[in-house]
Amino acid sequence: MKKITEFLLAFLIFSFPIFAQEFNKEIEEEINEIFEDDFFKSSMLAVSIYDLTDDKLLYQKNEKQLLTPASNMKILTSSAALEFLGSDYSFQTSVYHNGIIMDSICYGDIFVKGGFDPEFSTDDLDTLVSKIISYGIKEIRGNIYGDVSNMDSLFWGNGWMWDDDPSSDFPYLTPLIINDACVQIEFEPGELNKEAKIKVIPETDFFDISNTSVTTNNETEKFEITRDWQSRGNEIIIKGDLQISAKKDTSKINIVNPEFYFLYLLKEKLEKQNVEFLGKLDTATTPQFAKNIYTFERKYKDVIVNLNKDSDNLNAEMTLRALALKNFGKPASAENGIKMIDSLINQSGLNSDNYVLADGSGISRYNLISAELLVTLLKYMYQNSKENYEVLKNSFPISGIDGTLSNRMKNTKAYKNVNAKTGTLSGVSSLSGYLKSADSHEIAFAILIQNFVGSSKSARNFQDRICTILSELNLQQ
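The structure presented is a predicted model; accordingly, all values stated were derived computationally and were not measured.

What counts, and at which threshold
- Residues numbered from 1 in each chain as written.
- Predicted model: local features only at pLDDT ≥ 70, side-chain atom pairs only at ≥ 80, totals over all residues.
- Heavy atoms only, no water.
- Helix = DSSP H or I, 4+ residues; strand = E, 2+ residues; numbered from the N terminus.
- Buried < 20%, exposed > 50% of the residue type's maximum accessible area, 1.4 Å probe, protein only.
- Areas by Shrake-Rupley, 256 points an atom, 1.4 Å probe, with all protein chains shown as cover.
- Lys, Arg positive; Asp, Glu negative; His and termini not counted.
- Charge placed at Lys NZ, Arg CZ, Asp CG, Glu CD.
- Core = buried A, V, L, I, M, F, W, Y, C linked by side-chain atoms within 4.5 Å.
- Contact = heavy atoms within 4.5 Å.
- Axes fitted to C-alpha atoms, helices over the stretch in contact; angles between N-to-C directions.
- Parallel < 35°, antiparallel > 145°, perpendicular 65-115°, else oblique.
- Left-handed = near helix turned anticlockwise from the far one by under 90°.
- Nonpolar A, V, L, I, M, F, W, Y, C, P; charged D, E, K, R; others polar.
- Pairing = 2+ DSSP bridges.
- 1 Å grid on protein atoms, 1.4 Å probe; cavity = no way out; pocket = protein on both sides within 12 Å on 5 of 7 lines; lining within 4 Å.
- Points joined across faces, edges and corners; volume = space filled by probe spheres on them.
- Expected span 1.5 Å × (residues − 1).
- Salt bridge = Lys/Arg side-chain N within 4 Å of Asp/Glu carboxyl O.
- Polar contact = N/O pair within 3.5 Å; in protein donor to acceptor, adjacent residues only side chain to side chain.
- Patch = residues over 30% accessible without salt bridge, like charges linked within 9 Å, V, L, I, M, F, W, Y side chains within 5 Å.
- Phe/Tyr/Trp six-rings, centres within 6.5 Å; stacked < 30°, edge-to-face > 60°.
- Lys NZ or Arg CZ within 6 Å of the ring centre and 35° of its normal.

**Student:** What is the right way to look at the overall build of the protein in this model?
**Tutor:** For the protein, the helix and strand inventory stands at 11 helices and 22 strands. Along the longest, intermediate and shortest principal axes, the C-alpha atoms of the protein span 100 × 60 × 45 Å. Counting only residues that meet the buried cut, the protein has 54% of its 477 residues in that class. Per element, the accessible surface of the protein, about 22,100 Å² overall, is 46% carbon and sulfur. Mean positive and mean negative side-chain charge positions of the protein (48 and 67 charges, respectively) differ by 2 Å.

**Student:** Looking at this structure, I do not really get the nonpolar core. What am I missing?
**Tutor:** Buried together is how nonpolar side chains tend to be arranged in soluble globular proteins. Core analysis: the largest hydrophobic core is formed by 97 residues, its most contacted members being Ile49, Leu76, Tyr300, Tyr434, Phe445 and Ile449. In contact with Ile449, not counting residues within four places along its chain, are Phe39, Phe40, Met44, Leu45, Gly427, Val428, Ser429, Ala459, Phe462 and Gln463. The next biggest cluster of nonpolar side chains, apart from the first, holds 37 residues, and it includes Val200, Leu242, Phe262 and Ile293.

**Student:** Could you clarify how one ought to interpret the packing of helix H3 (residues 73-84) against helix H7 (residues 313-328) in this entry?
**Tutor:** Between two packed helices, the angle of one axis relative to the other and the distance separating the axes together describe the packing. At a minimum axis separation of 10 Å, H3 and H7 run at an interaxial angle of 40°. Taken together, the axes of H3 and H7 are oblique relative to one another. For the pair H3 and H7, the sense of crossing is left-handed. Contact residues: H3 offers Lys74, Thr77, Ala80, Ala81 and Phe84, while H7 offers Asn313, Ala316, Thr319, Leu320, Leu323, Lys326 and Asn327. Across the contact of H3 with H7, the residue classes tally to 6 nonpolar, 4 polar and 2 charged.

**Student:** Where do I start with the pairing of strand S3 (residues 90-97) in this structure?
**Tutor:** For a regular strand, side chains alternate in direction, first toward one face of the sheet and then toward the other. Of all 8 residues in S3, 7 are buried; the element is thus mostly enclosed. Pairing of S3 with strand S19 (residues 291-299), which is carried by 8 bridges, proceeds in the antiparallel orientation. Opposite Phe91, over in S19, you have Arg298 as the bridge partner. Pairing between S3 and strand S6 (residues 110-113): 4 bridges, direction antiparallel. Looking across to S6, one finds that Tyr96 is bridged to Phe111.

**Student:** Help me understand the layout of surface pockets in this model?
**Tutor:** Using a probe with the size of a water molecule, rolled over the atoms, empty space left in the structure can be pinpointed. What the largest pocket holds in volume is close to 530 Å³. With 5 residues, strand S20 (residues 418-425) is the largest single contributor of residues to the lining of the largest pocket.

**Student:** Looking at this structure, I do not really get the environment of Val200. What am I missing?
**Tutor:** By the secondary structure assignment, Val200 is in strand S10 (residues 197-201). Residue Val200 is classed as buried on the basis of its relative accessible area, which comes to 9%. A C-alpha to C-alpha distance of 35 Å links Val200 and Lys330, two positions 130 residues apart in sequence.

**Student:** Explanation requested: H3 in the structure shown.
**Tutor:** Taking 1.5 Å as the rise per residue, H3 with 12 residues should run 16 Å; its terminal C-alpha atoms sit 17 Å apart, in good agreement. Phi turns positive one or two residues past the end of H3, at Gly86, with a value near 90°.

**Student:** What is the right way to read the pattern of salt bridges from this model?
**Tutor:** Note on pairing: side chains with opposite charge can pair once their charged atoms come close. Throughout the structure, instances matching the rule amount to 20 salt bridges. One salt bridge connects Asp165 with Arg227, and the closest N-O pair in it is separated by 2.8 Å. In this pair, Asp165 sits in the loop between strand S8 (144-147) and strand S9 (182-188) while Arg227 sits in strand S13 (residues 224-227), placing the two residues 62 residues apart along the sequence. The residue Asp402 makes a salt bridge to Lys309 at a minimum N-O spacing of 2.9 Å. Of this pair, Asp402 sits in the loop between helix H10 (386-395) and S20 while Lys309 sits in helix H6 (residues 304-309), and the two are 93 residues apart along the sequence. The class of Lys309 is buried, set by a relative accessible area of 14%. Through salt bridges with shared partners, a single ionic network connects Asp117, Asp124 and Arg298.

**Student:** Can you help me understand H7 in this one?
**Tutor:** Think of an α-helix as 3.6 residues a turn; residues three or four steps apart then line up on the same face. Taking 1.5 Å as the rise per residue, H7 with 16 residues should run 22 Å; its terminal C-alpha atoms sit 22 Å apart, in good agreement. The backbone nitrogen of Leu314 has a side-chain oxygen 3.1 Å away, supplied by the residue at the start of H7, namely Asp312. Trailing H7 by a residue or two, Gly329 shows a phi angle of about 80°, which is positive.

**Student:** Looking at this structure, how should I read a nonpolar patch on the surface?
**Tutor:** A cluster of nonpolar residues, Ile100, Met102 and Tyr107, forms a patch on the protein surface that exposes about 280 Å² of accessible area. If you trace the backbone, Met102 turns up in strand S4 (residues 100-102).

**Student:** Teacher, can you tell me more about a negative patch on the surface here?
**Tutor:** A contiguous patch of negative charge, built from Glu26, Glu29, Glu30 and Glu472, is present on the exposed surface. Residue position: Glu472 is located in the segment after helix H11 (457-471).

**Student:** Would you mind going over the side chain of Asn419 with me for this structure?
**Tutor:** Mapped onto the fold, Asn419 is located in strand S20. The exposure class of Asn419 is buried, given its relative accessible area of 10%. Separated by 3.2 Å, the side chain of Asn419 and the backbone oxygen of Lys393 make a polar contact. The contacts of Asn419, once residues within four sequence positions are left out, are Lys393, Asn394, Phe396, Pro397, Ile398, Gly433 and Tyr434.

**Student:** Looking at this structure, I do not really get the packing of aromatic side chains. What am I missing?
**Tutor:** When we look at a pair of aromatic rings, we describe it by the centre distance and by the angle of the planes. One pass over the full model with this rule turns up 23 aromatic pairs. Measuring from centroid to centroid gives 6.4 Å for Phe35 and Phe40, while their planes differ by 35°, and the two rings are tilted. The same class applies to Phe35 and to Phe40, which are both buried. When the centroid spacing of 5.3 Å and the interplanar angle of 55° are considered together, the rings of Phe206 and Tyr261 count as tilted. Highlighted residues: Phe206 in the loop between S10 and strand S11 (209-211) and Tyr261 in helix H5 (residues 258-272), separated in sequence by 55 residues. The structure contains a cluster of three or more aromatic residues connected by ring pairs, namely Phe35, Phe39, Phe40, Phe452 and Phe462. Against the face of Tyr264 rests Lys267, its NZ or CZ located 4.9 Å from the ring centre. Against the face of Tyr50 rests Lys379, its NZ or CZ located 4.3 Å from the ring centre.

And the structure:
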């Protein structure tokens with residue numbers, strides 16, 4: 001009899017869980033209905049929703065499934081940066097010289113040391129040039145070197161795809177960056193049967209240009225601006241037909257060895273300011289006792305905005321390497337940056353060994369994380385630092401207003417109410433962040449969808465629907 005009783009007890013324990021998870025009934029019914037849609041017969045949906053105001057789980061399903069996050073990976077990177085760098089961390093681009101300066105002549109070399117500033121622009125280069133001149137230099141008798149010693153030699157992330165070259169979304173990585181490590185080409189129709197008119201922005205002699213395009217009367221989609229990417233060369237190639245009625249437009253492509261592009265633009269700007277220079281451009285480490293001429297600084301709080309609102313891959317990867325540089329020294333590597341993200345995961349109460357992290361931007365398909373992890377980190381940022389939470393939240397796109405959410409949820413209750421990071425790869429669509437319920441409860445959520453075919457429009461519609469459900473919710477009833 002005793003054995004029969006023990007058997008029945010064991011059967012009941014394993015067959016009927018004693019502590020069933022209780023979710024918000026309204027949310028559960030509406031989201032479970034979404035899970036029943038035919039779209040998810042062949043694709044995966046993972047959802048986690050947490051009421052931050054009441055510190056209570058509202059709903060989750062497939063929350064532990066390991067999925068490709070796409071650019072939701074940027075939530076991990078930017079959160080770790082706020083935690084371990086701080087919003088006032090300074091990205092520095094510094095100019096040094098060695099030798100002596102006499103009668104406005106620099107008898108020595110100029111060194112420009114890159115510090116991973118992903119927002120450094122042509123206008124910032126103008127500032128650098130003016131500081132060199134105001135330092136008293138009108139002639140350089142030595143060479144100009146780019147110091148890229150702050151980073152290892154891996155110019156792309158782990159798992160990035162070779163055939164994504166030369167897209168501007170896949171920049172070659174270096175600590176010495178200008179203009180997103182890319183170049184813009186302005187184009188417009190030329191005379192009929194002649195090549196299209198081309199203008200490089202900023203104007204420079206750095207590039208060789210092959211223009212075999214033809215201006216035509218016919219409608220065409222064959223016009224292309226590319227680069228000799230298969231040979232990893234920087235020759236710009238313009239080919240195909242451009243209709244004569246086409247409007248002026250621009251195209252943007254990445255650059256191989258962008259540190260040399262930086263140096264070349266510097267040389268051209270110096271020469272335009274009548275600074276004589278006959279030396280060479282190359283890379284070298286700044287000597288220990290070189291004298292600082294000027295250091296251009298940019299705060300992380302000014303980098304995170306473009307990182308998340310416009311889902312900028314370069315900003316994310318430079319942030320990852322800044323994490324590595326500060327905490328492990330140079331040369332900074334993605335591997336060491338990921339160790340800091342692992343530290344944040346462990347601090348949040350989860351185990352970093354349960355996930356696969358390959359880069360900082362989410363380009364890599366090697367990344368495997370969960371909806372549970374994303375919501376746990378969003379909750380951690382909310383609960384542990386009011387300042388960092390506000391910086392993170394405000395860096396996310398706002399539904400219907402800006403960034404990658406500028407055209408979404410406009411005619412719904414979720415309009416202007418969602419601050420969330422998007423993520424898109426082929427067959428992958430993610431949306432995670434913060435929103436407020438109808439009665440102003442702060443909610444953290446993660447919605448990961450993947451393994452679908454074709455456009456991500458349907459996946460985005462499901463995400464928008466869930467955000468609308470949550471925005472209409474009254475949790476105090």
